[in-house]
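Here are the chains, one letter per residue:
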Amino acid sequence: MLSSPDLSFSRTLPIVVFNQLGELLEQMAQTVESATLVLTEAVLARICIPVEWQRRRFTLVVSEQFSALLLGTFEEGQGSRGAGEQGSRGAGNSLSTQNSALSTHSALNARLTFNLEAIASFLHELRDLFECDSYTHQNLERYRQIIGPNDATLQSKFSLLLLEYLLTQPNQEIIAPPSPTAPAVYICQPVEDALKKQISQERLLNQVTTQIRKSLDLPVIMATAITQVREFLELDRLVIYKFQGSKVKTQQYQSSTDEDNGKRSTSISVNNQSLLEDYQQHRGYIVYEARATDAITCVLNYTEKNCFMRTSQCWEKYRQGFTLAVDDVEKTYALEECLLNFLRESQVRAKLAAPIILEDKLWGLLIAHQCNEPRQWIDSEKNLLIAIAEQLAIAIYQAELMQTLTQEKQTLEQRVIERTIGLRDALLAAEAANRLRSEFLATISHELLTPLTYVIGMSSTLLRWPLGELSQRQRDYLQTIHDSGEHLLEMINDILDLSQIEAGKAALNISEFSLVNVAENAVESLRKKATSEQINLNLDLQIDPRRDRFTADAERVAQILSNLLTNAIKFTPESGNVTLRLWVEDDTAIFQVEDTGIGIREEQLPLLFEKFQQLDTPYRRRYEGTGLGLALTKQLVELHRGRIEVESTISIGSIFTVWIPTQAMRVLS
């Protein structure tokens, strides 16, 4: 058999024979004294590999004393590395018995070689499948460097093992066709069992989907789902591993059931929120766990800190939708000592991991564990785990969306509260500033009244002085002083009135009076002024003498009429007309002042009753003023609970209308 110059042979072998040769090589490796590497295709389970490698099976033995390579390729249309039903060696059972029924159906183009160059070349190809900075890549390169010629004694020993195996194999029995008289065998039983299992899986998936549609809390959905899936697949442990960047909070959830008479107990745990503080330092941790028994090691909250590399394709492959199926970690991680020790400590012998992908981002993994013995994962189990992971991703998305909406709502509410407080503080500050200003103006105005009274009184006395004659220039000077004092006194009185009203200190002196007398007095007091300006001042009384008596503050009403008439005369050109109308409707006295003045632009009307505002008109510089007349008038009208309106047209004139309701016979503040 080993007479070939390159110590190799090639032929087509049944899968069962191929597996038996691999077992012989593994037995041979145990007899080598030096460090020996034994690898099978199981080492490729955790990475994404090219299509040609998916159809390969191999057993590789490398040491300084003995090296061998058994390489097989499935024929086209037959099983591949992922087809566990076609002779996978991950289950750890005697494959000679397990796959005897498949020997007539599966075959490989097999090659057994001891050629050092062929083995080194295969190691080089195998090494390049892994990242250059991974332990597997480095270890494969190291073993490639130590390959040496096989020791003759060990080579002979393998030949004896092979010969012993061949001599002890029983003759293959020829299976006769079924006899017509033989009892019938129910050949559809496997199909029926498969259908029943598929229906059970769909029922389980529907239960998880229903929970998500009911919008239950995420911890409840997670804990319930992993419990049901673990029980259905008869797993030792099922966990959810969360990666960095997830926003969904987890909550504590503990449930443990112990049954007597040796029955299985189930425990479910979810991590405590306090562990989130340590989350930024590490890549992630296990947040949900369901165990078959309490004897199984608890890995909840455990984080691997040393073996996983941030840039490793270990994570990138999951982002691409890769599902990891490891039948035996001892074979798959033979070259990853750190990871293998981590899995041993965590009591993991076989695992199946499906990614939980949320909006094209890797949120975490749903990982099934077999703790004490290898397990051959079949396609139906993989499909179920993938489907559950997809449903969990939907639940997480809903929870994150709800959490985001809740946070935005809370943020908005907080902003509204802060803005309301800010506006309230600003309003209080403005009111305080306005009150202080009004009090300041009232104080200053009051202090100005005394010296101003002296100025007006003395100038008036000098104008009437009986002793000696005043020159015309002296008389003009005194008249100017007197008129300026009167004008200043009028403005100070307006400021005092306005400040008292704004400070809430103004009061109405309610009494009964004649509306006609108030209107006539207001017109007569301004008759001289109107005549000097060559303006016709008219009074139009449209009032029933029986309704002449009215209850209000007569002095304030007279002040309102005086301000309106003065303003009308001020802005009416020569030969113009100013008319005061008066009538009563129900219990309301209506005063209307109409002029043929210059009018007011529509865009300036909102500023008309503002304090210290003078509209930009050709007459602005002709008459001095503080801009308080109309503002004070509006305040006095509103103090009577009345209203004032204005209608105006440029170059035609303006109409001011005031409504003042009758007042109760009491003092109003």
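Because the structure is a prediction, the values reported are computed rather than measured.

Here is what the cut-offs are and how they apply
- Starting afresh in each chain, residues are numbered from 1 along the sequence in its written order.
- Only residues with pLDDT of at least 70 are given local features in this predicted model, and only at 80 or more are side-chain atom pairs given and counted; all residues enter the totals for whole chains, interfaces and linings.
- Hydrogens and waters are ignored; side-chain quantities use all the structure's heavy atoms.
- Only runs of H or I of at least four residues qualify as helices and only runs of E of at least two qualify as strands under DSSP, and these elements are numbered from the N terminus.
- Each residue's exposure class comes from its accessible area (1.4 Å probe, protein chains only) as a fraction of the maximum for that residue type: buried when under 20%, exposed when over 50%, partly exposed otherwise.
- Residues count as neighbours in contact if any of their non-hydrogen atoms are within 4.5 Å of one another.
- Here, Shrake-Rupley sampling with a 1.4 Å probe gives the accessible areas, and only protein chains in the shown set may cover a residue.
- Pairing between two strands is assigned when DSSP locates at least 2 bridges connecting them.
- Only the stretch in contact is used when a helix axis is fitted, and all axes are lines through C-alpha atoms; the angle between N-to-C directions ranges over 0 to 180 degrees.
- Two rings from Phe, Tyr or Trp (for Trp, the six-membered ring) form a pair when their centres sit within 6.5 Å of each other. Planes less than 30 degrees apart are called stacked, planes more than 60 degrees apart edge-to-face, and all others tilted.
- In plain words, nonpolar cores are sets of buried Ala, Val, Leu, Ile, Met, Phe, Trp, Tyr and Cys residues tied together by side-chain atoms within 4.5 Å.
- Comment on the angle field: the value is read as roughly parallel under 35 degrees, roughly antiparallel over 145, roughly perpendicular from 65 to 115, and oblique elsewhere.
- As a working rule, the residues Ala, Val, Leu, Ile, Met, Phe, Trp, Tyr, Cys and Pro are called nonpolar, Asp, Glu, Lys and Arg charged, and the rest polar, with Gly in that last group.
- Salt bridges are counted wherever a side-chain nitrogen of Lys or Arg sits within 4 Å of a carboxyl oxygen of Asp or Glu.
- Each patch groups residues whose relative accessible area exceeds 30% and which form no salt bridge, using 9 Å between like charges and 5 Å between nonpolar side chains of Val, Leu, Ile, Met, Phe, Trp and Tyr.
- Working rule for handedness: look at the near helix, and if it is turned counterclockwise from the far one by less than a right angle, call the crossing left-handed; if clockwise, right-handed.

**Considering the overall build of the chain**
- A tally of regular secondary structure across the chain gives 17 helices and 19 strands.
- Counting all 669 residues of the chain, 45% fall into the buried class.
- Taking the contacts inside the chain whose residues are at least 6 apart along the sequence as the reference set, 72% of them involve residues at least 24 apart.
- When the accessible area of the chain is evaluated, it comes to approximately 36500 Å², of which 51% is carbon and sulfur surface.

**Let's talk about the sheet that holds strand 18 (residues 643-649)**
- With mixed pairing, the 5 strands of this open sheet are ordered in space as 14-16-17-19-18. Strands at the two margins of the open sheet, each flanked by one partner only, are strand 14 (536-541) and strand 18. Sheet twist, expressed as the average angle between the axes of neighbouring strands with direction ignored, equals 15°.
- Looking at chain direction, strand 16 (residues 577-585) and strand 17 (residues 588-595) are connected through 8 bridges and run antiparallel. Residue pairing for strand 17: Val 584 is matched across the bridge by Ala 589.

**A look at the packing of aromatic side chains**
- Under the counting rule described, the total for this entry stands at 9 aromatic pairs.
- Note on Trp 53 and Phe 58: the rings are 6.4 Å apart at their centroids and 85° apart in plane angle, and the pair reads as edge-to-face.
- Note on Trp 53: relative accessible area 4%, which makes it buried.
- Ring centres of Phe 66 and Phe 158 lie 6.0 Å apart, and the angle between their planes is 45°; this geometry places the pair in the tilted category.

**Looking at the pairing of strand 17**
- For strand 17, the tally of buried residues reaches 6 of 8 residues, placing the bulk of the element in the interior.
- Where strand 16 folds back on strand 17, the antiparallel hairpin that results is connected by 2 residues, among which Asp 586 adopts a positive phi of roughly 55°.
- Of the pairings in the sheet, the one linking strand 17 to strand 19 (residues 653-661) comprises 8 bridges and is antiparallel in character. When the bridges of strand 19 are listed, Phe 591 appears paired with Val 658.

**Things to note about the nonpolar core**
- One finds Leu 515, Leu 565, Phe 591 and Phe 656 to be the most contacted residues of the largest nonpolar core, which totals 48 residues.
- Sort the elements by how many residues they give to this core and helix 16 (residues 554-570) lands first, with 7 residues.
- Here Leu 515 is in contact with Ile 543, Arg 547, Asp 548, Phe 550, Leu 582, Val 584, Ala 589 and Phe 591, once residues within four sequence places are set aside.
- Among the nonpolar cores identified, the runner-up in size contains 35 residues, and Val 208, Leu 233, Tyr 285 and Ala 354 belong to it.

**Brief notes about the packing of helix 4 (residues 116-128) against helix 5 (residues 135-146)**
- Following both chains from N to C, one finds helix 4 and helix 5 inclined at 170°, their axes separated by 9 Å at the closest point. Taken together, the axes of helix 4 and helix 5 are roughly antiparallel relative to one another. Mapping the contact onto sequence places Ala 120, Leu 123, His 124, Leu 126, Arg 127 and Asp 128 in helix 4 and His 137, Leu 140, Glu 141, Tyr 143 and Arg 144 in helix 5.
- A class-by-class count of the residues in the contact of helix 4 with helix 5 yields 5 nonpolar, 2 polar and 4 charged.

**A closer look at the sheet that holds strand 4 (residues 68-74)**
- Strand order in this open sheet of 5 strands is 1-5-4-3-2, and the pairing throughout is antiparallel. Strands at the two margins of the open sheet, each flanked by one partner only, are strand 1 (8-14) and strand 2 (37-40). Between one strand axis and the next, the sheet turns by 10° as a mean value, whatever way the strands run.
- Note that strand 4 and strand 5 (residues 107-113) share 6 bridges and pair antiparallel. Across the sheet, Leu 70 pairs through a bridge with Leu 112, a residue of strand 5.

**What about the pattern of salt bridges?**
- Overall, the coordinates contain 18 salt bridges when judged by the stated rule.
- With a shortest N-O distance of 2.5 Å, Glu 141 and Arg 127 are connected by a salt bridge. Of the two residues, Glu 141 is situated in helix 5 and Arg 127 in helix 4; the sequence distance between them amounts to 14 residues.
- In this structure, Arg 144 engages Glu 141 in a salt bridge whose closest nitrogen and oxygen atoms are separated by 3.2 Å. On the criterion of helical spacing, the pair formed by Arg 144 and Glu 141 is a turn pair, its members being 3 residues apart in helix 5.
- What makes Arg 144 partly exposed here is its relative accessible area of 24%.
- Each of Arg 127, Asp 128, Glu 141 and Arg 144 takes part in one network of salt bridges that share partners.

**Digging into a nonpolar patch on the surface**
- Together, Leu 160, Leu 163 and Leu 167 make up an exposed nonpolar region whose accessible area comes to about 340 Å².
- One can find Leu 167 in helix 6 (residues 152-168).
- Given the relative accessible area of 67%, Leu 167 is considered exposed.

**Points about the environment of Ile 212**
- For Ile 212, the position within the fold is in helix 7 (residues 189-213).
- Sequence separation between Ile 212 and Ala 399 is 187 residues; the distance between their C-alpha atoms is 9.9 Å.
- When near neighbours in sequence (up to four residues on either side) are disregarded, Ile 212 contacts Ile 221, Gln 391, Leu 392, Ile 394, Ala 395 and Gln 398.

**Considerations on the pairing of strand 5**
- Counting buried residues along strand 5, 5 of its 7 residues qualify, which places the element largely inside the surrounding structure.
- Pairing of strand 1 with strand 5, which is carried by 7 bridges, proceeds in the antiparallel orientation. Paired with Ser 10 across the bridge in strand 5 is Arg 111.

**Describing the packing of helix 16 against helix 17 (residues 629-639)**
- Where helix 16 meets helix 17, the axes come as close as 10 Å, and the angle between the chain directions of the two elements is 150°. In terms of their interaxial angle, helix 16 and helix 17 are classed as roughly antiparallel. Crossing of helix 16 over helix 17 shows left-handed handedness. Residues Arg 556, Gln 559, Ile 560, Asn 563, Leu 564 and Asn 567 of helix 16 pack against Gly 629, Leu 630, Leu 632, Thr 633, Leu 636 and Val 637 of helix 17.
- Residues that form the contact of helix 16 with helix 17 fall into these classes: 6 nonpolar, 5 polar and 1 charged.

**Topic: unusual backbone geometry**
- Despite not being glycine, Asp 360 has its phi angle at roughly 65°, a positive value.
- Its location among the elements puts Asp 360 in the loop between strand 11 (350-358) and strand 12 (361-370).

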